Amino acid sequence: MATSIFTRDFGIDLGTANTLVYLKGKGIILRESTMIAQDNHTKEVIAVGNEAKQMIGRTPGRLSVIRPMRDGVIADYDTTAEMMKYYIHKAQGKPTFFSRKPNVIVCVPSGITMVEERAVLDATRQAGAKQALPISEPFAAGIGAGLPVWEPTGSLIVDIGGGTTEVAIISLGGTVTSASIRTAGDEMDEQIIQYIRRKYSLLIGESTAEMLKTELASAKKLDNNEEMDVRGRDLISGLPKTITIGNDEVAYAIHETVDAIVNLIKQTLETAPPELAADIMDYGIVLTGGGALLNKIDEVISEQTNMPVFVADNPLDSVVIGTGKALEHIEYFKRSPHVAKRNTLS
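Note that residues are indexed from 1 along each chain, following the sequence as it is written. Residues qualify for local features only when their pLDDT is at least 70, as the model is predicted, and side-chain atom pairs are given and counted only at 80 or more; totals for whole chains, interfaces and linings, by contrast, use all residues. Hydrogens are left out, water is left out, and the side-chain values use all remaining heavy atoms of the structure.

1. A word on the overall build of the protein chain
Part 1: A run of H or I in DSSP counts as a helix once it spans at least four residues, and a run of E counts as a strand once it spans at least two, with each numbered from the N terminus. Within the protein chain, the secondary structure is distributed over 13 helices and 18 strands.
Part 2: Restricting the calculation to C-alpha atoms gives the radius of gyration, and the globule rule supplies 2.2 Å times the number of residues raised to the power 0.38. Computed over C-alpha atoms, the radius of gyration of the protein chain comes to 21 Å, within 12% of the 20 Å expected from 2.2 N^0.38 for 346 residues, which places it in the range of a compact globule.
Part 3: Here the C-alpha coordinates of the protein chain stretch approximately 65 × 55 × 35 Å along the principal axes.
Part 4: Here the protein chain holds 346 residues, and 52% of them are scored as buried.
Part 5: Contact criterion: two residues are considered in contact whenever any of their non-hydrogen atoms come within 4.5 Å of each other. By sequence separation, contacts in the protein chain at least 24 residues apart represent 63% of the contacts at least 6 residues apart.
Part 6: Calculation of accessible area relied on Shrake-Rupley with a 1.4 Å probe; when residues are assessed, cover is drawn exclusively from the protein chains displayed. Put simply, the protein chain shows about 15,800 Å² of open surface, and 49% of that area lies on carbon and sulfur atoms.
Part 7: Neither His nor the chain ends is counted toward charge; the positive residues are Lys and Arg and the negative residues Asp and Glu. A single reference atom marks each charge: NZ on Lys, CZ on Arg, CG on Asp, CD on Glu. With 35 positive and 44 negative side-chain charges, the protein chain shows a spacing of 7 Å between the two charge centroids. Accessible area is worked out with a 1.4 Å probe on protein chains only. A residue is then buried under 20% of its type maximum, exposed over 50%, and partly exposed in between.

What follows is the structure in structure tokens.
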């Protein structure tokens, strides 16, 4: 019983698309969509997480499915606090006489403002945390990917999430330089939706666009073009319609986002001190986040930067694993909560 008292500290990856919770001493214990369904009139919470995601596009008029996180920051404070309370309570399990409020390290985008960061931490404390400390997403991703972030060696991490893409050069337990754009996986989904709307006058939903991105998209055209049937609503007739779309079309649809990510990496490399740039040339660029799974993204970045590029062993979980491992250094973050965010580029 006593052991459980001192191990209920959490690392939380509060992402735009998904939220993951890491329990100190156990690992990842929760993985849910960052969504909440509520009654439009009473504001009562009807469903949270994966259950709310299943309701997208299927709710009656009195209900709405809300994504309280947009571009890595809080878009709706009250629903975020409710959602965080649900996740923390679910992760803690049934409270006992010996239960205590957990300490929580929560990851935040490196490019957010102090006001935006404070909103995330306040929501975490309101949800039941004893103490909430921030860690930047790329720094957490570097820890989770197994990079030598505490050593005097330069590591370049690229975290392509749902709402933001974060690029950082890390050394000696801090971020030497970093850059962030609010362009990532969600933007790819929107570009796919708009491309199909313009070319085929067909309206598809977010779930269909995400499926196309996951199963068909690539960062560049492939030698063997793959195709997939897509169903949606014809904007001219108003009736359901099925079209066939190829990989080359999806690659074209998302090329602006891919180009923006490559340019962000180049911008960060241009600001790297010579010694650290040499380290990165030796050890390469490491990709994490859901966007790292985009077919051929590593090849495109390597071609554009003339550097080796590697996808982390577990890119989807790198941030939350790093956030959880940071709990072992919690005193370090208490002393210098913003150490992983210094010298941030706008």
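2. Some remarks on the sheet that holds strand E15 (residues 227-234)
Part 1: Spatial strand order, E14-E15-E16: three strands in an open sheet with antiparallel pairing. Two strands close off the open sheet at either side, each with one partner strand: strand E14 (202-203) and strand E16 (240-246).
Part 2: In this scheme, strands are said to pair when DSSP sees at least two bridges between them. Bridge analysis of E14 against E15 gives two bridges, and the strand direction is antiparallel. When the sheet's bridge partners are listed, Leu203 is paired in E15 with Arg233.
Part 3: Angles run from 0 to 180 degrees between N-to-C directions of axes, and those axes are lines fitted to C-alpha atoms, restricted for helices to the stretch in contact. On the sheet, helix H6 (residues 185-200) packs against E14 and E16 and is oriented at approximately 110 degrees with respect to E16.
Part 4: Together, E15 and E16 form the strand contacts of helix H7 (residues 206-215), whose direction differs from that of E15 by roughly 170 degrees.

3. Re the packing of H6 against helix H9 (residues 255-270)
Part 1: Here H6 crosses H9 at 155 degrees, and the two axes come no closer than 8 Å. As summarised for this structure, H6 and H9 are arranged roughly antiparallel, according to the angle between their axes. Along the contact surface, H6 presents Glu187, Met188 and Gln191, while H9 presents Glu256, Thr257 and Ile261.
Part 2: All residues other than Ala, Val, Leu, Ile, Met, Phe, Trp, Tyr, Cys, Pro, Asp, Glu, Lys and Arg, Gly among them, are scored as polar; the first ten of these are nonpolar and the last four charged. Classifying every residue of the contact of H6 with H9 by side-chain character gives two nonpolar, two polar and two charged. By the definition adopted for this analysis, an angle is roughly parallel if under 35 degrees, roughly antiparallel if over 145, roughly perpendicular if from 65 to 115, and oblique otherwise.

4. As for unusual backbone geometry
Part 1: A positive phi angle, near 55 degrees, is found at Leu172, a position not held by glycine.
Part 2: The phi torsion at Lys296 lies on the positive side, around 75 degrees, for a residue other than glycine.
Part 3: As for its placement among the helices and strands, Lys296 is situated in the loop between strand E17 (285-288) and helix H11 (297-305).
Part 4: Judged by relative accessible area, Lys296 falls into the partly exposed class, the value being 26%.

5. Observations regarding the environment of Gly49
Part 1: Take Gly49: it is sitting in the loop between strand E5 (45-48) and helix H2 (50-53).
Part 2: Residue Gly49 is classed as buried on the basis of its relative accessible area of 0%.
Part 3: Placed 152 residues apart in sequence, Gly49 and Ser201 show a C-alpha to C-alpha distance of 32 Å.
Part 4: Leaving out residues up to four positions away in the same chain, Gly49 has contacts with Glu32, Ser33, Met35 and Tyr87.

6. Some thoughts on the side chain of Gln191
Part 1: Relative to the helices and strands, Gln191 resides in helix H6.
Part 2: Every residue in contact with Gln191, bar those within four places of it in the chain, is listed here: Ala253, Ile254, Glu256 and Thr257.

7. As for the nonpolar core
Part 1: If you look at the biggest cluster of nonpolar residues, it comprises 44 residues, and the most contacted ones within it are Ile192, Ile196, Ile204, Leu212 and Ile285.
Part 2: At six residues, the largest contribution of residues to this core is made by H9.
Part 3: Throughout, the edges of the domains are those of an automatic or database domain assignment. Counting only domains with at least three residues in this core, you end up with domain 2 (152-183 + 255-315) and domain 3 (185-253).
Part 4: Leave out the neighbours within four places in its chain, and Leu212 touches Ile192, Ile196, Ile204, Ala217, Met228, Val230, Ile245 and Val250.
Part 5: To define a nonpolar core, start from buried Ala, Val, Leu, Ile, Met, Phe, Trp, Tyr and Cys residues and group those joined through side-chain atoms within 4.5 Å. Of all hydrophobic cores here, the second largest spans 28 residues; its members include Leu23, Met69, Met83 and Met84.

8. With respect to the domain arrangement of the protein chain
Interfaces are often sized by the accessible area lost when the parts come together.
Part 1: Partitioning the protein chain into domains gives domain 1 (10-139 + 320-335), domain 2 (152-183 + 255-315) and domain 3 (185-253).
Part 2: Each side of the interface is counted separately: domain 2 has 16 residues, and domain 3 has 14 residues.
Part 3: When domain 2 packs against domain 3, the two sides together hide about 1,200 Å² of surface, and 59% of this comes from carbon and sulfur.
Part 4: Once two parts are put together, the accessible area they lose, assessed with a 1.4 Å probe and summed over both, is termed the buried area. Counting the surface domain 2 buries against domain 3, the share from its top three residues, His255, Thr257 and Leu294, is 40%.
Part 5: Think of a salt bridge as a Lys or Arg side-chain nitrogen and an Asp or Glu carboxyl oxygen that are within 4 Å of each other. Here domain 2 and domain 3 share two salt bridges between them.
Part 6: Residue Lys220 is joined to Glu303 by a salt bridge in which the shortest nitrogen-to-oxygen separation is 2.9 Å.
Part 7: Within 3.5 Å is the distance limit for a polar contact, defined as a pair of N or O atoms, with the added protein rule that one can donate a hydrogen and the other accept it, and that residues adjacent in sequence qualify only through two side-chain atoms. At the boundary of domain 2 and domain 3, one finds nine residue pairs in polar contact (both at pLDDT 80 or more).

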